[in-house]
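This is what each chain is made of:
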Amino acid sequence: MKTLDLAVIPGDGIGKEVVPEALRVLDAIAEIHGGLAFNYTHYPWSSEYYIEHGRMMPENGLELIKESDAIFLGAVGDPSLVPDHISLAGLLLKIRREFEQVINVRPAKQLRGMVSPLSNPKNFDILIIRENSEGEYSSIGGRVHSGMDEVVVQNAVFTKRGVSRVMEYGFEIARKRGGHLTSATKSNGIAHSMPFWDEVFQEMAAGYPDVKTNSEHIDALSAFFVTRPETLDVVVASNLFGDILSDLGAAIMGSIGIAPAGNINLNGKFPSMFEPVHGSAPDIYGRGIANPIGQIWTAKMMLDHLGEPELGEIILNAIETTLEAGIKTGDIGGKSNTVEVTDAIIAAMKKQAGK
Ligand code: NAD
Ligand code: IPM
Ligand code: MN
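All residue numbers refer to position in the chain's written sequence, counted from 1. Going through the entries in the order they are written, you letter the chains from A and number the ligands from 1. Given that the model is predicted, a residue must reach a pLDDT of at least 70 before its local features are reported, and side-chain atom pairs must reach 80 or more before they are shown or counted; all residues, however, enter totals for whole chains, interfaces and linings.

Labelled according to an unreviewed UniProt entry, the chain appears under the name D-malate dehydrogenase (decarboxylating), originating from Planococcus shenhongbingii. Under the Sequence similarities (unreviewed entry) heading, UniProt states for the chain: "Belongs to the isocitrate and isopropylmalate dehydrogenases family." Of the comments in the UniProt record for the chain, the one headed Catalytic activity (unreviewed entry) reads "(R)-malate + NAD(+) = pyruvate + CO2 + NADH". UniProt positions are given in the numbering used here, feature names are shortened, and annotations may be inferred rather than shown by experiment.

Draft legend 1. Highlighting the overall build of the chain. When you go through the chain residue by residue, the secondary structure sums to 12 helices and 12 strands. Dimensions of the chain, computed from the C-alpha atoms along their principal axes, are close to 60 × 50 × 40 Å. For the exposure call, what matters is how many other C-beta atoms sit within 10 Å of a residue's own: 20 or more marks it buried, 12 or fewer exposed, and in between partly exposed, using C-beta atoms placed from the backbone. With 355 residues in all, the chain has 46% of them scored as buried. Helix and strand assignments follow DSSP, with helices taken as H or I runs no shorter than four residues and strands as E runs no shorter than two, numbered in order from the N terminus.

Draft legend 2. Looking closely at the site of ligand 2. In this text, near has one meaning. A residue is near a molecule or strand if its C-beta atom, placed using the backbone, is within 6 Å of it. By nearness alone, every residue bordering ligand 2 is listed as Leu88, Leu93, Asp243, Val277 and Gly279. The class makeup of the residues in the shell around ligand 2 is three nonpolar, one polar and one charged. Classification convention: Asp, Glu, Lys, Arg as charged; Ala, Val, Leu, Ile, Met, Phe, Trp, Tyr, Cys, Pro as nonpolar; all other residues, Gly among them, as polar.

Draft legend 3. Region of interest: the site of ligand 1. Near ligand 1 you find 23 residues, and of these Gly77, Gly257, His278, Gly279 and Asn291 are the closest. Considered class by class, the residues forming the shell around ligand 1 number 11 nonpolar, eight polar and four charged.

Draft legend 4. Expanded view of the domain arrangement of the chain. Boundary definitions for the domains trace back to an automatic or database domain assignment. Partitioning the chain into structural domains gives domain 1 (1-102 + 271-355) and domain 2 (116-253). On a C-alpha basis, the centres of domain 1 and domain 2 stand 26 Å from each other. Tallying the contact residues gives five residues for domain 1 and eight residues for domain 2. Among the elements of the structure, α5 (92-98) and β4 (101-109) are those that each provide at least two residues to the side of domain 1 that touches domain 2. Classifying every residue of the side of domain 1 that touches domain 2 gives two nonpolar, one polar and two charged. Two residues qualify as being in contact provided that their C-beta atoms, derived from the backbone, are within 7 Å of each other.

Draft legend 5. Layout of the sheet that holds strand β12 (residues 272-274). Here a strand pair is declared whenever DSSP counts at least two bridges between the two strands. Sheet architecture is open: 10 strands sit in the order β2-β1-β3-β12-β11-β4-β5-β10-β8-β9, paired in mixed fashion. A strand with exactly one partner marks an edge of an open sheet, and here the two such strands are β2 (36-42) and β9 (212-217). With strand direction ignored, the average angle separating the axes of adjacent strands in the sheet is 25°. With four bridges connecting them, strand β5 (residues 125-131) and strand β10 (residues 234-237) associate as parallel partners. The partner of Ile129 across the bridge, within β10, is Val236. Only the stretch in contact is used when a helix axis is fitted, and all axes are lines through C-alpha atoms; the angle between N-to-C directions ranges over 0 to 180 degrees.

Draft legend 6. Structural detail: the environment of Thr322. Its place among the elements puts Thr322 in helix α11 (residues 309-324). On a C-alpha basis, the gap between Thr322 and His192 in space is 48 Å, while along the polypeptide they are 130 residues apart.

Draft legend 7. Main features of the environment of Ser272. Structurally, Ser272 is set in strand β12. A count of 23 C-beta atoms within 10 Å places Ser272 in the buried class. Residues in contact with Ser272, not counting those within four places in the same chain, are Ala70, Gln101, Gly262, Asn263, Ile264, Asn265 and His305.

Draft legend 8. Here's a closer look at the packing of α11 against helix α12 (residues 338-352). Viewed as axis vectors pointing N to C, α11 and α12 meet at an angle of 120°, and their least axial separation amounts to 8 Å. One element, α11, and the other, α12, form an angle in the oblique class. α11 and α12 meet at a crossing whose hand is right-handed. Contacts between α11 and α12 pair Ile314, Ile315, Asn317, Ala318, Ile319, Thr321 and Thr322 from the former with Val341, Ala344, Ile345, Ala348, Met349 and Gln352 from the latter. A per-class count over the contact of α11 with α12 returns nine nonpolar, four polar and no charged. For classification purposes, an angle smaller than 35 degrees is called roughly parallel, one larger than 145 roughly antiparallel, one from 65 to 115 roughly perpendicular, and anything else oblique. Crossing handedness is defined as follows: a turn of the near helix away from the far one that is anticlockwise and smaller than a right angle gives a left-handed crossing, while the clockwise case is right-handed.

Draft legend 9. Spatial organisation of the nonpolar core. The nonpolar core criterion groups buried Ala, Val, Leu, Ile, Met, Phe, Trp, Tyr and Cys residues into a set whenever they are joined through C-beta atoms within 7 Å. Residues Val25, Val235, Ile315 and Ile345 are the most contacted members of the largest nonpolar core, which totals 98 residues. For this core, the leading source of residues is helix α1 (residues 15-33), giving eight residues. Structurally, this core is a two-domain feature, drawing no fewer than three residues from each of domain 1 (1-102 + 271-355) and domain 2 (116-253).

Draft legend 10. Summary view of helix α8 (residues 218-227). All buried positions along α8 are accounted for by Ile218, Leu221 and Phe225. Buried residues of α8, viewed axially, fall in a sector of 55°; they line one side. Turned more than 90 degrees from where α8 packs its buried face, Asp219 and Thr227 sit exposed. Residues of α8 that are buried in the fold lie against β8 (180-185), β9 and α9 (239-253). The arc in question is the one spanned by the directions pointing from the helix axis to the C-beta atoms.

Draft legend 11. Region of the structure containing the pairing of β10. Both faces of β10 are covered, namely the face carrying Val234 and Val236 and the face carrying Val235 and Ala237. Taken together, the three bridges between β8 and β10 define a ladder with parallel strand orientation. Counted as the bridge partner of Leu181 is Val234 from β10.

Draft legend 12. Highlighting α1. Taking 1.5 Å per residue as the helical rise, α1 with its 19 residues ought to reach 27 Å, and the 27 Å between its terminal C-alpha atoms agrees with that figure. Those residues of α1 that sit buried are Gly15, Glu17, Val18, Val19, Glu21, Ala22, Leu23, Val25, Leu26, Ala28 and Ile29. Those residues of α1 that are buried lie in contact with β1 (2-11), β2, β3 (70-75), α10 (293-305), α11 and α12. Downstream of α1 by one or two residues, Gly34 has phi in the positive range, about 85°. Multiplying 1.5 Å by the residue count of a helix minus one yields the expected span of that helix.

Below is the structure:
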């Protein structure tokens, strides 16, 4: 029996609704497989936890989850309880940084049964590779003076190591997919970081003569996501550009509620973390109507990462079968609730496996 230890952090808002549903899907996968078990350890770290304990996770929190095979996270953020910059820095961003999850992988592709808001979408299959540890998300900066004299400086940090490794990841994946790699830049307007980004991209491209490349300014590239997404394949982007592109990618798929993500640790010293692209959606929390597909597709990405791609495929197939059957939550035009969609996905998985 292969047992996978998962640290489960539902977090805030709809994270608490969609994570248990995705765990039901994982349980069903274990049942289908027969020789695989998941050992979940649940952590209630969240904004509510902060209200009780004055911090988002215990002091030894990272120690507690360090040995798990992967971390399965819902969403973090309840601005009615804790300001976002405190809750996110104390949990999600802390884990990403401390566990050196330097790459964030975010697919945006058309699923069977999904209706894109684009009026005539051709078949697109984009993989966003987002730098996940530095760039625009640095904590370097400060404020001086006050009133109309106040000045705030926010520094972005681009290291040769950080930029090279995210690009290398992008090139390797593009090579494996037999595809091409687009770099998201803004070297026409940003004086230091982006010309450097372009320079590293060009340097590295010389070592991958078989991978076609192009470089697009982030503003134009955003438009291409809408006007001709089928011409894009792997897209490598800085932390902030990748963040924005991944919501855009989710939008052209049909909803932010379905988009998955993996925060990948490359050096094997720490676990990777899997979470959907969406947030805690306070506007719909508590009604049982959140789309569970983002979290469930995220479970598929986690299984791929843990060496079980066939099981991941079963999940994605079942998601598509469910969408094709029109069993959908309200964000994608359906009338089903969170539990009903999950039930349908589990039933489709079992049917596919002949169980
Ligand atoms: P959001 O993704 O939570 O919500 C944006 C919109 O999409 C809302 O209208 C919401 O109802 C809808 N939506 C999101 N997920 C959905 C789902 N599964 N099913 C149906 N509809 C869904 O983004 P936001 O409103 O900018 O942020 C809300 C909170 O979440 C904030 O505290 C923010 O900081 C946090 N956040 C956390 C993460 C994370 O933990 N990874 C990511 C993004 C935002
Ligand atoms: C995401 C989120 C986070 C990010 C926020 C909540 C800090 O938007 O995971 O996409 O910007 O990385
Ligand atoms: Mn985001």
